[in-house]
Structure formats: C-alpha cells, structure tokens
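# Chain and residue survey
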Amino acid sequence: MNDGDVARRADLAERLSRVQGRIAQASRTAGRTETPQLIVVTKFFPAADVRHLAALGVREVGENRDQEAAAKAADTADLGLTWHFIGQLQTNKAKSVARYAAAVHSVDRAQLVSALGKAVRAERERAVAASETPREAMTALVQVDLRSVAQREAAGGGRGGALPEDVMTLAAAVEGEEGLTLGGLMAVAPLEADPAEAFAALRDVADELQRQYPHAQMISAGMSQDLEAAVSAGATHLRIGSDVLGPRPAVR
Ligand SMILES: *Cc1c(COP(=O)(O)O)cnc(C)c1O
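This one's a predicted model, so the numbers in the text were calculated from it and none came from an experiment.

About the thresholds
- Residues numbered from 1 in each chain as written.
- Predicted model: local features only at pLDDT ≥ 70, side-chain atom pairs only at ≥ 80, totals over all residues.
- Heavy atoms only, no water.
- Helix = DSSP H or I, 4+ residues; strand = E, 2+ residues; numbered from the N terminus.
- Expected span 1.5 Å × (residues − 1).
- Buried < 20%, exposed > 50% of the residue type's maximum accessible area, 1.4 Å probe, protein only.
- Contact = heavy atoms within 4.5 Å.
- Polar contact = N/O pair within 3.5 Å; in protein donor to acceptor, adjacent residues only side chain to side chain.
- Core = buried A, V, L, I, M, F, W, Y, C linked by side-chain atoms within 4.5 Å.

### Describing helix H1 (residues 3-29)
Spanning 27 residues, H1 covers 39 Å between terminal C-alpha atoms, matching the ideal 39 Å at 1.5 Å per step. Within H1, the full set of buried residues consists of Arg 8, Leu 12, Arg 15, Leu 16, Val 19, Ile 23, Ala 26 and Ser 27. Against the buried residues of H1 lie strand S1 (37-41), helix H2 (47-55), helix H9 (227-232), strand S8 (237-240) and helix H10 (242-245). The backbone nitrogen of Gly 4 lies 3.0 Å from a side-chain oxygen of the residue at the head of H1, namely Asn 2. A positive phi of about 65° marks Gly 31, the residue just after H1.

### Some remarks on helix H5 (residues 110-129)
Given a rise of 1.5 Å per residue, 20 residues ought to cover 28 Å, and the 29 Å separating the end C-alpha atoms of H5 matches this to within 8%. Taken as a whole, H5 has its buried residues at Leu 112, Val 113, Ala 115, Leu 116, Gly 117, Ala 119, Val 120, Glu 123 and Ala 127. Close packing links the buried residues of H5 with helix H4 (94-100), strand S4 (101-107), strand S5 (138-143), helix H7 (167-175) and strand S6 (180-186). Looking one or two residues beyond H5, the residue adopting positive phi is Ser 131, at roughly 55°.

### Focus: the nonpolar core
Membership of the largest hydrophobic core comes to 68 residues, with the highest contact counts inside it found for Leu 116, Leu 185 and Leu 202. For Leu 202, the residues in contact, after removing those within four places along its chain, are Val 144, Leu 146, Leu 185, Met 186, Ala 187, Ile 219 and Ala 221.

Shown next as structure tokens:
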C-alpha cells in the first residue's frame, strides 16, 4: 500500500471501531444479549474503501443506487461480501440488483416484489446454464413509511416506503414469490421526528408481522445519527455510512 492507502485504512479502522463501540454500548444500555449486525453503507465512496473495510473485518455492505452498487460489487467480487440494497428501486433495475444483492431492504410495492422474484429466477437460470452456482433466495425487507400524514404531504408525496397498513399485504406477496424470502422490515426515521418514537412505531409493525411470519426477524433501522435509538428499539441491522466512511467526497 502507498502512504495514502495506509492513512485511509487507519482512518477507517478508527472510525469503524468508534461505531462498533457505540453499538456495543447501546446494546448494553438496552440490556440486549445479541449485538445488532452492522451494515456499512459505502455509497459515494470508492471500491478501494470497500477493500479497506473488508481487510478490517467488514463483511456486510450497503448501497442505495444500482449503477454505483453494481460497479463496486463487480470490482470487489473476489472478496465475497454480502451486499444489501437499501435505496429506492425502479422495477427495471431488478435484474441488475439480482446479480449482486443478497438482500433488498427497500421493498415498497407489489410490482417491485414480482419484478425482484422474476429477476432472481432468471439469474438462477442464467447461472445454471453457465455452470455457475445459482444464487440463494433474495432476502426482501418491506420498507415502512413512518411519516405522519402531515409530513408526507409536506414532502410533496415522495415515496418513503409502504404505508404501515399495507405491510401485511406486501409481506404476503413476498412470501408467495419464488426466489424471495421475507426478511422483515426496514425504515428510516422521518427528518423532523423523534427517532425513538419512530422506531417504537416500527417495532409495533414488526411485532404484528412476526405474529404471522415468525421467521421474519430482521428490523433494519438506525443510521449514523440515530443508531442508539434504533438499538434500543430492537433493531437487528444498522445501516451506517458517514460515521464509518467520513464526510462525503465533494465529487461523485
Ligand atoms: C445513506 C443511507 C444510510 C446511511 O446513512 P448515514 O447517515 O450516512 O449513516 C442508511 N440508510 C439509507 C436508506 C441510506 O440511504
């Protein structure tokens, strides 16, 4: 490694260990025996950083845009990392995502469920025809929109997940789709809301989901700013970007 690489790896090691310390502390405070899984969100940062992170023991990485994720996953395919797709997804990107993503956290509509199922089945057929090992089922998490009606209206109706009342219908669609397995739920705390309240609401939806689908144990919640609130509300997976990678690079 050159001096720049050495410095960058040391920087990432320090940030990563600080975040791991926060997660451990939050878990102790919440009296949790199992530490939630850290997913390091590498968006905006180069494949070289993914390599540094892998060298530091990170195995789970997340991305929110297909084009960037596909390139980075291909670039680092030799590392055997687990890729989580966490961003809004158009149905025409399902095919690409099925090539590299083990899990999609942002399932928010029935159309996307069928597109992902179809894409996974096609990817498996491609692999078999090419004498490659076919991928495993894709883990699908239903993203829940935790905004109030007023917050949704103020945002101009942009999508932020499925409405809580639609979650069970989407979960049933995922369960019925060959190639997908229902992982659980994902949410982002609304901008102006108290994350503790938002994640408590998510927990209620997760409890309802698990009554019907006991295996759907994943609760993907918590980012750099609110990971403590997420751990305390029972998150099983945390999606942390900036506190591990540092400030976003100016140029994309
Ligand atoms: C970027 C992103 C994260 C990570 O956010 P940080 O504040 O950088 O930790 C988590 N979840 C989603 C959906 C994201 O797009």
